[in-house]
Amino acid sequence: MGCRATGPRSALLRVVAATTSGSPVLVVDVGRRMPGRGAWLHPDLECLELASRRRAFGRALRLQDRPDESAVREHLEGQATAPGAPVPTVDEGSGLEADGDPMSTLR
């Protein structure tokens with residue numbers, strides 16, 4: 001969303017909007033199963049900053065008001081400082097997942 005670059009879903013972070021006390025709040029959907037419209041974001045702070053500056057969350061999630069992005073920012077900052085932070089499971093340029101299987105389920 002922020003940088004407008006595409007990527008595999010395994011390397012992206014899903015964000016949904018939850019409404020609490022009338023104002024929308026962005027929530028990180030770690031399990032990628034929460035109901036509602038979702039927006040996909042690269043898991044880095046630069047991409048979040050770009051999306052925030054362009055007000056892309058409001059358009060992507062079809063919100064009237066500007067959402068609170070603090071939960072997403074805290075999640076990304078926690079991942080960046082956590083030891084053993086998850087790394088993407090995609091081998092760049094190969095078209096294969098890290099375990100060697102093709103990314104497509106179509107054979």
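Quick note: structure is the one above.
Engineer: Pulling in residues and values, what's your account of the overall build of the chain?
Structural biologist: When you go through the chain residue by residue, the secondary structure sums to 3 helices and 3 strands. Ordered by position in the sequence, the α and β elements of the chain form the string β-β-β-α-α-α. A burial count over the chain gives 27% of its 107 residues as buried. Sequence separation of at least 24 residues holds for 57% of the intrachain contacts in the chain that already meet a minimum separation of 6. Approximately 7,200 Å² of the chain is accessible, and the part contributed by carbon and sulfur atoms is 52%.

Engineer: Give a description of the nonpolar core that names residues and reports values.
Structural biologist: Ranked by internal contacts, the top residues of the largest apolar core, which has 15 residues, are Met1, Leu26, Leu41, Leu48, Ala51, Phe57 and Val72. The element best represented in this core is helix H1 (residues 45-53), accounting for 3 residues.

Engineer: Go over the pattern of salt bridges with me, naming the residues and quoting the values.
Structural biologist: Overall, the coordinates contain 2 salt bridges when judged by the stated rule. Ionic pairing is found between Arg14 and Asp29, a salt bridge with its closest N-O pair at 2.4 Å. With Arg14 in strand S1 (residues 13-20) and Asp29 in the loop between strand S2 (23-28) and strand S3 (38-41), this residue pair connects regions lying 15 residues apart in the sequence. Among the residues examined, Arg14 registers a relative accessible area of 10% and is labelled buried. Close ionic contact of Glu49 with Arg73 constitutes a salt bridge, the shortest N to O distance being 2.5 Å.

Engineer: So, the pairing of S1: which residues are in play, and what are the values?
Structural biologist: The side chains of a regular strand alternate, residue by residue, between the two faces of the sheet. Strand direction decides the pairing type here: S1 and S3, joined by 4 bridges, are antiparallel. Opposite Val15, over in S3, you have Ala39 as the bridge partner. Remark: 2 residues form the turn of the hairpin made by S1 and S2, two consecutive strands paired antiparallel; Ser21 in that turn has positive phi of roughly 55°.

Engineer: Residues and numbers for H1, please.
Structural biologist: Residues of H1 that are buried include every one of Cys47, Leu48, Ala51 and Ser52, and no others. Projected onto a plane normal to the axis of H1, the buried residues spread over an arc of 135° and lie on a single side. More than 90 degrees from the buried face of H1, the exposed residues found are Glu46 and Arg53. Looking at the buried residues of H1, the elements they touch are S3, helix H2 (56-60) and helix H3 (70-81). Two residues or fewer past H1, Arg55 is found with a positive phi of approximately 55°.

Engineer: Tell me about the side chain of Asp29, residues and numbers included.
Structural biologist: We classify Asp29 as buried; its relative accessible area is 3%. Within polar-contact distance, the side chain of Asp29 engages the backbone nitrogen of Met34 at 3.0 Å.

Engineer: Describe in detail the side chain of Arg14, supporting the description with residues and values.
Structural biologist: A polar contact is formed between the side chain of Arg14 and the side chain of Asp29, at a distance of 2.4 Å. A distance of 2.9 Å separates a polar side-chain atom of Arg14 from the backbone oxygen of Gly36. Those residues in contact with Arg14 that lie beyond four places of it in its chain are Val27, Val28, Asp29, Arg32, Met34, Gly36, Arg37, Gly38, Ala39 and Trp40.

Rules used in this analysis
- Once a new chain begins, its residue numbering starts again from 1 and follows that chain's sequence as written.
- This being a predicted model, a pLDDT of at least 70 is required before a residue's local features are given, and a value of 80 or more before pairs of side-chain atoms are given or counted; all residues contribute to the totals for chains, interfaces and linings.
- Computation of side-chain values: all heavy atoms of the structure, hydrogens and water removed.
- Runs of E in the DSSP output that reach at least two residues are strands. Runs of H or I that reach at least four are helices, and both are numbered from the N terminus.
- Classification of residues uses two cut-offs on accessible area relative to the type maximum, computed with a 1.4 Å probe and protein chains only: under 20% is buried, over 50% is exposed, and between them is partly exposed.
- Two residues qualify as a contact provided that any one of their heavy atoms is within 4.5 Å of a heavy atom in the partner residue.
- Methods summary: accessible areas were calculated by the Shrake-Rupley approach with a probe of 1.4 Å, and residue burial reflects only the protein chains presented.
- Here, nonpolar core refers to any group of buried Ala, Val, Leu, Ile, Met, Phe, Trp, Tyr and Cys residues whose side-chain atoms link them within 4.5 Å.
- Any Lys or Arg side-chain nitrogen located within 4 Å of an Asp or Glu carboxyl oxygen qualifies as a salt bridge.
- Strand pairing is assigned whenever DSSP identifies at least 2 bridges connecting the two strands.
- Regarding the arc, it is the one traced by the directions from the helix axis to the C-beta atoms.
- Any pair of nitrogen or oxygen atoms within 3.5 Å is treated as a polar contact; in protein, a donor-acceptor pairing is required on top of that, and neighbouring residues in sequence qualify only through side-chain atoms on both sides.

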